[in-house]
Amino acid sequence: MIYTLTFNPALDYAVYPSSLTLGKTNRSTGERMDFGGKGINVSYVLHQLGEPTTALGFVAGFTGEALCAMLEETGVCCDFVRLERGMTRINVKIKGERETEINAAGPDIPQQALEALYEKLDRLTAEDTLLLAGSVPATLPRDIYETIGARLAGRGVRLAVDAEGELLRSVLKYRPFLIKPNRDELSALVGRELTHDADIEAAARELQTMGACNVLVSLGGDGALLLDETGAVHRAPAVGGKPVNTVGAGDSMVAGFLSGVRQGYEYALRLGVAAGGATATSLSLATKEEIERLL
């Protein structure tokens, strides 16, 4: 089973005003509501690819109930810790001439709820993969990625991480099976600009030296570069055409890689890039049909 952990999931509410004037009443020409959160996105695409997956995290209030209902409608299994207070956040996306986002803070997560999450993680076995993805709410310890890495150490659970900065750096000593920085995140980790493939490969090898097994670097319109655990480098161009929505494209790439890795690293990279391209060229997350077409 591939478990994904999203600490602060959301409902993403998009509105499409023909114009936007601050201080005035503005009217939208359309609206849409989607579930949001990096790990949840990964679970959705994994489900599209036929992989058993469960989304973990915290939900609260009527918005949390709505999030669970939306996931269940799509067939994604979820096992969230339900908080007694607060509500799952709603992030507002204003899709005007210039896109504007207002991201909410989310509910407070008490220690009791965190312990309930740890109990779920303690049931994972060597047959399972856990993806840690995204930022950490202010009410949780800043070292929670490291704490979870230590909790899983020695149990054979395959760890994947899609985060930036110290969150990612702190778990490298636990030899995560996969990390997926983008070019900018990788550059920040090594402290220098990365212009060419040779620069990216060298930086990926630094993170591998620090403990990462497989380093998958998403490069936007330039595709992706994979440094696998044997030291081999794989490169794939972007597919799918002109992007219309990059939100979730990196998450889709992670899902494709984790789904395809049983068939080898070259295939896993191709499937990851196909999944990322399918999301980037769609208004929503990738479907199985579109991924297979691009593959």
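Criteria and thresholds
- Residues numbered from 1 in each chain as written.
- Predicted model: local features only at pLDDT ≥ 70, side-chain atom pairs only at ≥ 80, totals over all residues.
- Heavy atoms only, no water.
- 1 Å grid on protein atoms, 1.4 Å probe; cavity = no way out; pocket = protein on both sides within 12 Å on 5 of 7 lines; lining within 4 Å.
- Points joined across faces, edges and corners; volume = space filled by probe spheres on them.
- Helix = DSSP H or I, 4+ residues; strand = E, 2+ residues; numbered from the N terminus.
- Nonpolar A, V, L, I, M, F, W, Y, C, P; charged D, E, K, R; others polar.
- Buried < 20%, exposed > 50% of the residue type's maximum accessible area, 1.4 Å probe, protein only.
- Right-handed = clockwise from strand over helix to strand, strands pointing away.
- Pairing = 2+ DSSP bridges.

## Regarding the layout of surface pockets
- Taken as a whole, the second largest pocket encloses approximately 260 Å³ of empty space.
- Contributing to the lining of the second largest pocket are Val81, Arg82, Leu83, Glu84, Arg85, Gly86, Pro107, Asp108, Pro110, Gln112 and Ala113.
- At the level of elements, β6 (81–83) and α3 (111–121) are the ones that each hand at least two residues to the lining of the second largest pocket.
- At three residues, the largest contribution of residues to the lining of the second largest pocket is made by β6.
- Its residues assigned to classes, the lining of the second largest pocket comprises five nonpolar, two polar and four charged.

## Some points on the pairing of strand β10 (residues 158–162)
- Here β10 lies mainly inside the structure; four of its five residues are buried.
- Since strand β9 (residues 129–133) and β10 lie parallel, the crossover through helix α4 (residues 144–152) that links them has a hand, and here it is right-handed.
- Judged from the two bridges that link them, β10 and strand β11 (residues 178–179) form a sheet pairing that is parallel. Note that in β11 the partner of alanine 160 across the bridge is leucine 178.

## A few points about unusual backbone geometry
- Its identity as a non-glycine residue notwithstanding, arginine 175 has a phi of 50°, on the positive side.
- Checked against the element boundaries, arginine 175 lands in the loop between α5 (165–169) and β11.
- Judged by its relative accessible area of 52%, arginine 175 is exposed.

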